[in-house]
Amino acid sequence: MINLETHTFDEISVGYAKNFSVKITEEMLNNFANISGDFNPLHMDEQYAKTTQFKRRVCHGMLLASFFSRLLGMYIPGKFSLYFSQSLNFRAPCFIGDEITITGTVTEKHNSTKMLTLKTVISNQNENCLVDGIAKVIVRD
């Protein structure tokens, strides 16, 4: 069970960071394809993927990015979260079996709007950045 954190705006300071890890499985790719409708052979067809520069199936970038929703909705700030925006840069491929770490670090607080800005990063077991971006979240406490 994932712990739902309940940070208020005043409890969070610039520099506060949180991370968690996930192992990417074939079931995740299959489930994401069924939910999103993205059955591109680079993600779904091992034989096709072998003919590409990657030589194996590549995880959907948006599957990776969806873990930022867990980061904000469950951890920073958690219960009082209202996701406002997210930029995404897809830096490197992710593969089935990779252990990824999702990290968010608060870089700004906007008192008038109760909005936090976070640097968001997903890296693999080799500490290679796979996805990064900037998230904005409103704290509804």
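Residues numbered from 1 in each chain as written. Predicted model: local features only at pLDDT ≥ 70, side-chain atom pairs only at ≥ 80, totals over all residues. Heavy atoms only, no water.

**Some thoughts on helix H1 (residues 26–36)**
Let me state the cut-off plainly: Exposure categories follow from relative accessible area, calculated using a 1.4 Å probe and restricted to protein chains: below 20% of the type maximum is buried, above 50% is exposed, and the middle band is partly exposed. Secondary structure elements follow DSSP: runs of H or I of four or more residues count as helices, runs of E of two or more count as strands, with numbering from the N terminus. This arc corresponds to the set of directions leading from the helix axis out to the C-beta atoms. By definition, residues are in contact when any of their heavy atoms lie within 4.5 Å.
Taken together, the buried positions of H1 are Leu 29, Phe 32 and Ala 33. Projected down its long axis, H1 carries its buried residues within an arc of 100°, all on one side. Those residues of H1 that are exposed and aimed more than 90 degrees away from the buried face are Glu 27, Asn 34 and Ile 35. Against the buried residues of H1 lie helix H2 (41–44) and helix H4 (61–65). Of the residues one or two after H1, Gly 37 is the one with positive phi, at around 85°.

**Overview of the pattern of salt bridges**
Test applied: Salt bridge, as applied in this entry: a Lys or Arg side-chain nitrogen positioned within 4 Å of an Asp or Glu carboxyl oxygen.
According to the stated counting rule, one finds 4 salt bridges in the structure shown. Lys 18 is the salt-bridge partner of Glu 5, the closest N and O atoms lying 2.9 Å from each other. Residue Glu 5 is located in the segment before strand S1 (17–23), and its partner Lys 18 is located in strand S1; the two are separated by 13 residues in the primary sequence. Between Lys 114 and Asp 141 there is a salt bridge whose closest N-O contact spans 3.2 Å. You can see Lys 114 sitting in the loop between strand S4 (99–110) and strand S5 (115–123) and its partner Asp 141 sitting in the segment after strand S6 (129–139), a full 27 residues away along the chain. For Lys 114, a relative accessible area of 31% translates into the label partly exposed. Residue classification places Asp 141 among the partly exposed residues on the basis of a relative accessible area of 39%.

**Re the environment of Gln 125**
Convention followed: Throughout this description, a polar contact denotes any pair of N or O atoms lying within 3.5 Å of each other; where both atoms belong to protein, one of them has to be capable of donating a hydrogen while the other can accept it, and for residues adjacent in sequence the pair is counted only when both atoms sit in side chains.
Structurally, Gln 125 can be placed in the loop between S5 and S6. For Gln 125, a relative accessible area of 42% corresponds to the partly exposed category. When the C-alpha positions of Gln 125 and Gln 47 are compared, they lie 25 Å apart, and in sequence the two are 78 residues distant. The contact partners of Gln 125, leaving out residues within four places of it in the chain, are Asp 98 and Glu 99. Here the side chain of Gln 125 touches Asp 98 through a polar contact of 3.1 Å, side chain to side chain. In terms of polar contacts, Gln 125 uses its side chain to reach the backbone amide nitrogen of Glu 99, at 2.9 Å.

**Quick notes on the nonpolar core**
Let me state the cut-off plainly: Here, nonpolar core means buried Ala, Val, Leu, Ile, Met, Phe, Trp, Tyr and Cys residues that are tied together by side-chain atoms lying within 4.5 Å of each other.
Ranked by size, the top nonpolar core spans 29 residues in total, and within it Leu 64, Ile 100, Ile 102 and Leu 116 carry the most contacts. Residue assignment for this core shows that the elements contributing at least two residues are S1, H1, H4, helix H5 (67–75), S4, S5 and S6.

**Brief notes about the side chain of Thr 117**
Relative to the assigned elements, Thr 117 resides in strand S5. At 3.4 Å, the side chain of Thr 117 and the side chain of His 110 are in polar contact. Apart from the residues within four sequence positions on either side, Thr 117 is in contact with Thr 105, Val 106, Thr 107, Glu 108, His 110, Ile 134, Ala 135 and Lys 136.

**Quick notes on the packing of aromatic side chains**
Ring pairs (aromatic) are described by centroid distance and by the angle formed between their planes. This is how it is decided: Working definition: a ring pair exists when centres of Phe, Tyr or Trp rings (six-membered ring for Trp) sit within 6.5 Å. Plane angles under 30 degrees give stacked, over 60 give edge-to-face, the rest tilted. A ring is considered to have a charge above it if a Lys NZ or an Arg CZ atom is located within 6 Å of its centre and within 35 degrees of its normal.
Summed over all chains, the structure comprises 1 aromatic pair. One Lys or Arg, Arg 56, reaches over the ring of Phe 95 and ends 3.8 Å from the middle of that ring. Here Lys 109 stacks its cationic end above the ring of Phe 9, 4.3 Å away from the centre of that ring.

**Overview of the state of the cysteines**
Covalent bonding between the sulfur atoms of two cysteines is what defines a disulfide. Just so we agree on the cut-off: Disulfide: a pair of cysteine sulfur atoms within 2.5 Å of each other.
Enumeration according to the criterion identifies 0 disulfides in this entry. No disulfide involves Cys 94; its sulfur sits 4.5 Å from the nearest other cysteine sulfur, which is in Cys 59. Take Cys 129: it sits in no disulfide, and the sulfur closest to it among the cysteines is that of Cys 94, at 12 Å. A relative accessible area of 28% places Cys 129 in the partly exposed class.

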